[in-house]
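This is what each chain is made of:
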Amino acid sequence: MRPIARPGEPDKRSLRREILAVRNRLTADDLRETSAALAARALELPELARAGTVAAYVSVGSEPGTLALLDTLRARGVRVLLPVLLPDNDLDWGRYEGQDSLARVRHGGRMALSEPAGERLGPDTVTAADAVLLPGLAVDARGMRLGRGGGSYDRVLARLERAGVRPALVVLLYDAEVVERVPEEPHDRPVHAVVTPSGVRRFRPEA
Ligand SMILES: Nc1nc2c(c(=O)[nH]1)N(C=O)[C@@H](CNc1ccc(C(=O)N[C@@H](CCC(=O)O)C(=O)O)cc1)CN2
Ligand SMILES: Nc1ncnc2c1ncn2[C@@H]1O[C@H](COP(=O)(O)OP(=O)(O)OP(=O)(O)O)[C@@H](O)[C@H]1O
């Protein structure tokens, strides 16, 4: 329990719980089908089609599947970077070299992640990405993203801003996770697009 709640945080927590409960009801067939569809829709994005370097992640559990997409990007010669969770929730990066290059890692009591087993390239490596694929639980009509609450990607976005780079920011979700509004805090930054198994939605920068 936190002694003092941050603004937006209680709402974030209950929305996370609701969305995870729905995800946990998905069947193995649902996961297979959505993974193939998600890869197909994502590859229709010109930002991904022309990227030289893509920062991505390996989906685990009931997350929208990313492996099909990672394998296709790699087969096309794209440099695919994958996150390595650090003890303070910041992310280091390694290169995706195929499914054999992944190691199953359990961080404390958390869900097990699939992380790159090879060389660690340093947290700043993400600033070389032309596109960043972000995990999340929901996104709203403005492109504000709800993550799992670790703040890892909030840090990535802050790091990109500090470096003065503007890669395409794309969150991968299920259709029902595109909602009208997610609770926000001052550190939250909007993404540019969401890809779901049924298509791509772009967000307009606020006027
Ligand atoms: N596949 C994947 N890789 C990723 C992320 C992600 O969301 N998905 N991350 C995104 O930042 C980073 C790791 N951050 C994580 C943050 C929280 C938990 C976690 O297990 N949280 C709850 C479990 C509830 C849940 O299922 O979300 C816990 O601590 O018990 C795991 C990883 C980097 N790699
Ligand atoms: N730039 C940053 N550097 C360090 N910590 C940060 C930064 N931005 C946010 N945080 C912290 O991260 C924690 C989680 O924030 P939040 O609930 O918005 O995570 P999230 O966006 O859902 O998760 P994620 O970014 O991992 O997908 C908060 O305690 C917040 O203060």
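The numbering scheme is per chain: residues are counted from 1 as the chain's sequence reads. Labels are handed out in written order, letters beginning with A for the chains and numbers beginning with 1 for the ligands. Given that this is a predicted model, residues contribute local features only at a pLDDT of at least 70 and side-chain atom pairs are listed and counted only at 80 or more, while totals for whole chains, interfaces and linings are drawn from all residues. Excluded from the side-chain calculations are hydrogens and water; all other atoms, namely the structure's heavy atoms, are used.

Visitor: Describe the overall build of the protein, listing the residues and the values that go with them.
Guide: Secondary structure elements follow DSSP: runs of H or I no shorter than four residues count as helices, runs of E no shorter than two count as strands, and numbering proceeds from the N terminus. Check the secondary structure of the protein and you find five helices and 11 strands. Rg of the C-alpha trace for the protein: 16 Å, near the compact-globule value of 17 Å for 207 residues, within the 12% margin. When the backbone C-alpha atoms are referred to their principal axes, the protein occupies close to 45 × 40 × 35 Å. Every one of the 207 residues in the protein was classed for burial, and the buried ones make up 50%. This radius of gyration counts C-alpha atoms alone. The globule rule is 2.2 Å times how many residues there are, raised to the power 0.38. Burial here depends on accessible area, computed with a 1.4 Å probe over protein chains only, as a share of the maximum for the residue type. Under 20% is buried, over 50% is exposed, and the range in between is partly exposed.

Visitor: Any details on the environment of V139? Residues and values, ideally.
Guide: Summarising the element assignment, V139 is placed in strand β7 (residues 138–139). Through-space distance from the C-alpha of V139 to that of P183 is 10.0 Å; in sequence the pair is 44 residues apart.

Visitor: I'd like a rundown of the site of ligand 1, residues and numbers included.
Guide: Neighbouring ligand 1 are 16 residues; V58, E63, R110, M111 and R148 lie closest to it. Polar contacts, as counted here, are pairs of nitrogen or oxygen atoms within 3.5 Å of one another; within protein the pair requires one atom able to donate a hydrogen and one able to accept it, and residues that are adjacent in sequence qualify only if both atoms are side-chain atoms. Take E63: an N or O atom from its side chain is 2.7 Å from a nitrogen atom of ligand 1. Between M111 and ligand 1, the recorded distance is 3.1 Å, taken from a backbone N or O atom to an oxygen atom. About the coverage of ligand 1: the protein hides 79% of its 670 Å² of free accessible area. Here the term cavity refers to a set of points on a 1 Å grid, laid over the protein atoms alone, in which a 1.4 Å probe fits but cannot get out; the term pocket refers to an open set having protein on both sides within 12 Å along at least five of seven lines, with lining residues being those that place an atom within 4 Å of a point. More than half of a molecule's atoms within 2 Å of the grid points is what it takes for that molecule to sit in a cavity or pocket. Under a 2 Å grid-point criterion requiring more than half of the atoms, the pocket assigned to ligand 1 is the largest pocket. Throughout this document, a residue counts as near a molecule or strand when at least one of its heavy atoms sits within 4 Å of that molecule or strand. For the area figures, the Shrake-Rupley method with a 1.4 Å probe applies, and any residue is considered shielded solely by the protein chains shown.

Visitor: Which residues make up helix α2 (residues 28–42), and what values do they have?
Guide: By this rule, a helix spans an expected 1.5 Å times one less than how many residues it contains. Between its terminal C-alpha atoms α2 stretches 21 Å, which fits the 21 Å expected from 15 residues at 1.5 Å a residue. Every buried residue belonging to α2 is among T34, S35, L38, A39 and A42, and all of these are buried. What you see down the axis of α2 is that its buried residues fit within an arc of 135°, all on one side. With respect to the buried face of α2, the exposed residues turned more than 90 degrees away are R32 and E33. What makes two residues a contact is simply this: any of their non-hydrogen atoms within 4.5 Å. The inward-facing, buried residues of α2 contact α3 (46–49), α4 (67–75), β9 (168–172) and β10 (193–196). Read the arc as the range of directions from the helix axis to the C-beta atoms.

Visitor: Outline the layout of surface pockets, listing residues and values.
Guide: Grid points are joined across faces, edges and corners, and a volume is the space filled by probe spheres set on the points. In this structure, the largest pocket encloses a volume near 790 Å³. Lining the largest pocket are 34 residues, and of these R110, R148, G149, G150 and S152 sit closest to its centre. At the level of elements, α1 (9–23), β2 (79–85), β5 (112–116), β8 (145–146) and α5 (152–163) are the ones that each hand at least two residues to the lining of the largest pocket. Space inside the second largest pocket adds up to approximately 500 Å³. The wall of the second largest pocket is formed by 19 residues, among which R166, L169, R189, P190 and H192 lie closest to the centre. Three classes are used: nonpolar for Ala, Val, Leu, Ile, Met, Phe, Trp, Tyr, Cys and Pro, charged for Asp, Glu, Lys and Arg, and polar for all others, with Gly counted as polar. When the residues that make up the lining of the second largest pocket are grouped by side-chain class, the tally is 10 nonpolar, two polar and seven charged.

Visitor: Outline the confidence of the model for the protein, listing residues and values.
Guide: As a note on interpretation, predicted positions should not be read in detail where pLDDT is low. On a scale of 0 to 100, pLDDT captures the predictor's confidence in every residue. Averaged over the protein, the pLDDT score is 94; the fraction of residues at 70 or greater is 97%. Across the predicted assembly, pTM comes out at 0.94 and ipTM at 0.91.

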